[in-house]
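This is what each chain is made of:
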Amino acid sequence: MVRTFPARRAILREIRQFIRQQARAHALLDEAESLALAVTEACANAMIHTNCTKIGVTWKATRDRVEIEVEDDGIFRRRVPVPEVDGGGGHRGIPLMMALLDQVSISGGTVSRPGTRVRLVKYRES
Amino acid sequence: MVRTFPARRAILREIRQFIRQQARAHALLDEAESLALAVTEACANAMIHTNCTKIGVTWKATRDRVEIEVEDDGIFRRRVPVPEVDGGGGHRGIPLMMALLDQVSISGGTVSRPGTRVRLVKYRES
Amino acid sequence: MLLEIRETGQPRAFRLIGELDISNAEILSAVLDREVEEQGDISLDLSELTFIDSSGIRVLLRAMDELNGRGKIVLVSPTSSVHHVLTLMGLDDRDSIRVVGPGELAEP
Amino acid sequence: MLLEIRETGQPRAFRLIGELDISNAEILSAVLDREVEEQGDISLDLSELTFIDSSGIRVLLRAMDELNGRGKIVLVSPTSSVHHVLTLMGLDDRDSIRVVGPGELAEP
Ligand SMILES: Nc1ncnc2c1ncn2[C@@H]1O[C@H](COP(=O)(O)OP(=O)(O)O)[C@@H](O)[C@H]1O
Ligand SMILES: Nc1ncnc2c1ncn2[C@@H]1O[C@H](COP(=O)(O)OP(=O)(O)O)[C@@H](O)[C@H]1O
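Here the structure is a predicted model, which is why all the values come from computation and not from measurement.

Trainee: What am I meant to see in the pairing of strand β1 (residues 3-7) of chain D here?
Mentor: If a strand is regular, its side chains alternate between the two faces of the sheet. All names here are of chain D. Sheet topology note: the β1/strand β2 (residues 13-20) ladder contains five bridges and is antiparallel. Bridge assignment links Glu4 to a residue of β2, and that residue is Ile17. Linking two consecutive strands that pair antiparallel, namely β1 and β2, is a turn of five residues; a positive phi of about 55° is found at Arg12 within it.

Trainee: Please clarify how the pattern of salt bridges should be interpreted in this entry.
Mentor: Pairs may arise between side chains of opposite charge once their charged atoms sit close together. A full pass over the atoms with the stated rule returns 26 salt bridges over all chains. We note a salt bridge from Glu67(B) to Lys60(B), for which the minimum N-O separation is 3.9 Å. As a salt-bridge pair, Glu35(D) and Arg12(D) come within 3.2 Å of each other at their nearest N and O atoms. A residue pair is termed long-range when its members are at least 10 positions apart, and Glu35(D) in helix α1 (residues 25-35) and Arg12(D) in the loop between β1 and β2 qualify at 23 residues. With relative accessibility at 12%, the residue Glu35(D) sits in the buried group. The exposure class assigned to Arg12(D) is buried, which follows from its relative accessible area of 14%.

Trainee: I tried to follow the confidence of the model for chain C on my own but got confused; where do I start?
Mentor: The predicted structure's coordinates, where accompanied by low pLDDT, should not be read in detail. Looking at chain C, pLDDT values average 89 and 94% of them are 70 or higher. For this predicted complex, the interface confidence score (ipTM) comes to 0.84, while the overall pTM stands at 0.87.

Trainee: What exactly am I supposed to notice about the interface of chain C and chain B here?
Mentor: Interface size is commonly expressed as the accessible surface area that is lost when the partners come together. Listed as interface residues are nine residues of chain C and, on the opposing side, six residues of chain B. Note on chain C versus chain B: buried area summed over both sides is about 610 Å², and carbon and sulfur give 49% of it. Looking only at chain C, the three residues that lose the most surface to chain B are Leu88(C), Met89(C) and Arg94(C), adding up to 65% of its buried area. Counting every contact that joins chain C to chain B gives zero salt bridges. Taken together, the links from chain C to chain B amount to zero residue pairs in polar contact (both at pLDDT 80 or more). If you list the elements that add at least two residues to the side of chain C that touches chain B, you get α2 (54-67) and α3 (80-88) of chain C. Partitioned by chemical class, the residues of the side of chain C that touches chain B number three nonpolar, two polar and four charged.

Trainee: Explanation requested: helix α2 (residues 54-67) of chain D in the structure shown.
Mentor: Residues and elements named next belong to chain D. Taking 1.5 Å as the rise per residue, α2 with 14 residues should run 20 Å; its terminal C-alpha atoms sit 20 Å apart, in good agreement. In terms of residue burial, α2 counts as a mostly covered element, since ten of its 14 residues are buried. Of all the positions in α2, only Ser54, Ser55, Gly56, Ile57, Val59, Leu60, Leu61, Ala63, Met64 and Leu67 are classed as buried. For α2, the capping residue at the N-terminal end is Asp53, with a side-chain oxygen 3.0 Å from the backbone nitrogen of Ser55. Immediately beyond the C-terminal end of α2, within one or two residues, lies Asn68, with a positive phi of roughly 50°.

Trainee: What should I look at first to understand the interface of chain B and chain A in this one?
Mentor: With 24 residues of chain B in contact, the opposing surface of chain A contributes 24 residues. Between chain B and chain A lies a buried interface of about 2,100 Å² when both sides are counted; carbon and sulfur atoms form 56% of it. For the interface between chain B and chain A, the tally reads five residue pairs in polar contact (both at pLDDT 80 or more). Elements with a minimum of two residues in the side of chain B that touches chain A: α4 (93-100) and β4 (103-107) of chain B. The pairing of strand β4 (residues 103-107) of chain A with β4(B) spans five bridges and is classified as antiparallel. Its bridge partner being in β4(B), Val104(A) is matched across the sheet by Ile106(B).

Trainee: Teacher, can you tell me more about the packing of aromatic side chains here?
Mentor: Remark: the centre distance and the inter-plane angle together describe each pair of aromatic rings, the angle taken between the planes. What the rule picks out here adds up to two aromatic pairs over all chains. Centroid distance Phe5(A) to Phe18(A): 6.1 Å. Interplanar angle 55°. Geometry classified as tilted. On the criterion of sequence distance, the pair formed by Phe5(A) in strand β1 (residues 2-6) and Phe18(A) in helix α1 (residues 12-25) is long-range, its members being 13 residues apart. For Phe5(A), a relative accessible area of 2% gives the class buried. Over the face of the ring belonging to Phe51(C) we find Arg16(A), whose NZ or CZ atom lies 3.9 Å from the ring centre.

Trainee: Mind showing me how you'd approach the sheet that holds strand β5 (residues 97-100) of chain C here?
Mentor: To summarise the sheet geometry, strands pair through backbone hydrogen bonds and adopt either a parallel or an antiparallel arrangement. All names here are of chain C. The strand order across the open sheet formed by five strands is β1-β2-β3-β4-β5, and the pairing between neighbours is mixed. Edge positions in the sheet fall to β1 (3-7) and β5, since each of these pairs with one other strand and no more. Along the sheet, successive strands turn relative to each other by an average axial angle of 20°, direction set aside. Of the pairings in the sheet, the one linking strand β3 (residues 42-52) to strand β4 (residues 73-76) comprises four bridges and is parallel in character.

Trainee: Where do I start with the sheet that holds strand β4 (residues 73-76) of chain D in this structure?
Mentor: Residues and elements named next belong to chain D. Taken in spatial order, the five strands of this open sheet run β1-β2-β3-β4-β5, and their pairing is mixed. Each of the sheet's edge strands pairs with one partner strand only, and the pair in question is β1 and β5 (97-100). Taken over all neighbouring pairs, the strand axes of this sheet differ in orientation by 20° on average, direction set aside. Of the strand pairs in this sheet, β2 and strand β3 (residues 42-52) are connected by seven bridges, and their pairing is parallel. Considered in β3, the bridge of Glu19 is made with Phe51.

Trainee: Would you take a moment to explain a negative patch on the surface for this structure?
Mentor: Taken together, the side chains of Asp33(C), Glu37(C), Glu38(C), Asp65(C) and Glu66(C) define an acidic patch exposed on the protein surface. Assignment of secondary structure puts Glu66(C) in helix α2.

What counts as what
Residues numbered from 1 in each chain as written. Chains lettered and ligands numbered in written order. Predicted model: local features only at pLDDT ≥ 70, side-chain atom pairs only at ≥ 80, totals over all residues. Heavy atoms only, no water. Pairing = 2+ DSSP bridges. Helix = DSSP H or I, 4+ residues; strand = E, 2+ residues; numbered from the N terminus. Salt bridge = Lys/Arg side-chain N within 4 Å of Asp/Glu carboxyl O. Buried < 20%, exposed > 50% of the residue type's maximum accessible area, 1.4 Å probe, protein only. pLDDT = per-residue confidence, 0-100. Contact = heavy atoms within 4.5 Å. Buried area = accessible area lost by both parts, 1.4 Å probe. Polar contact = N/O pair within 3.5 Å; in protein donor to acceptor, adjacent residues only side chain to side chain. Nonpolar A, V, L, I, M, F, W, Y, C, P; charged D, E, K, R; others polar. Expected span 1.5 Å × (residues − 1). Phe/Tyr/Trp six-rings, centres within 6.5 Å; stacked < 30°, edge-to-face > 60°. Lys NZ or Arg CZ within 6 Å of the ring centre and 35° of its normal. Axes fitted to C-alpha atoms, helices over the stretch in contact; angles between N-to-C directions. Patch = residues over 30% accessible without salt bridge, like charges linked within 9 Å, V, L, I, M, F, W, Y side chains within 5 Å. Areas by Shrake-Rupley, 256 points an atom, 1.4 Å probe, with all protein chains shown as cover. Lys, Arg positive; Asp, Glu negative; His and termini not counted. Charge placed at Lys NZ, Arg CZ, Asp CG, Glu CD.

Structural data, given as structure tokens:
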């Protein structure tokens, strides 16, 4: 299940609605809000840190886990923002995704091959 | 190629020597220091954030990329350290790994299944 | 509208209704920037806030910083999902933020 | 020994030799803590420093913070791999840190 959204902050809520809807359809009610938050953070990162124009969100649920991929068409910034310079302690999006989920993968795009892919995995309780 | 090290800070240098040696053996001289730094950060994170006792480092180089896995036997902390509280802006290990490499995956362990796995991937220049 | 900020009866008490994220965090930020100039607690009723992201958390932390001991940020009746985020980000551990249930409001 | 810190001829000038990481960053930190009390630049010759991690960077940033405008941290002749890390972490962008080559030392 793939959906593409324009990379605008006002769209984040629609993206969450998509995730909540999928979570409901796949009997993942307890995980819905954690997944919606992690996806919000991944999409916000793309919007904050790149000049991407669109964001693809892929939902895949199996018996034992959900896997969500967030892909933008921006260029990954190969610089480490150090809080005191970049203002206000950073928003800590990646640590938050990690705290919410079981697995977080980030593949940075390059100038010749733009597009950052963030893969978020949450195991089903068993 | 797997090596297991005791989780002590003084061992980090030996871990780097292992990485540099593998990098030399696989004609990855230009990448050696970036890989050594990323692995240092991944191992330091395990030591800082968990009470792990040992760290496994797996090296795998193919035609087009190097893949290094750092696995500890600690429990992943599901809390987001917010810089102002946790002191000094954080050391920003994960953003640094991401800036150095092409792909970073983090799979957090749990109480019932401890062990965090960090997978670091760098593509060969082509 | 995604977020509504309503003044409730008391002074320096607001109710947040809707979803707080990076698209509207600056609305809350503008309200709090004005309030932190004066001393005393600022109370935010979160019972109808259904979502908060890291940008929302950051606005709360910044307001707390700016109050700088001259008052607390009191977060009233967060929903369970918002409460989970407050906990993950350690807001419940801070002296200058209080998270309270609906009945606890009168206490010091 | 992983790291050696040697006082060079001039006042407030040190040479770092070896590898700086989380296992020994506090040795450098102890030296700098003492120096930042007084005003004026602190110069660190990095030509024989072969490795630096985020903990080492953090010690430099902290010293810079504590100097608080009363002087700069001057990083002399970093090796290319250390220079790469300084750049990634944005140290070359800061007013209170100067990264200089071996010949540039006399300049203001
Ligand atoms: N989608 C993305 N595109 C480009 N860079 C990204 C993306 N996601 C994260 N980053 C990089 O990773 C860094 C760390 O992100 P994060 O932990 O969310 O904290 P913050 O945004 O506060 O720096 C960002 O500062 C940015 O440089
Ligand atoms: N190996 C690990 N085991 C447990 N927790 C980890 C590990 N690696 C990272 N973390 C968690 O991820 C967070 C972010 O790490 P990092 O970006 O390196 O910054 P910092 O260490 O400054 O918080 C850590 O604070 C910690 O909670």
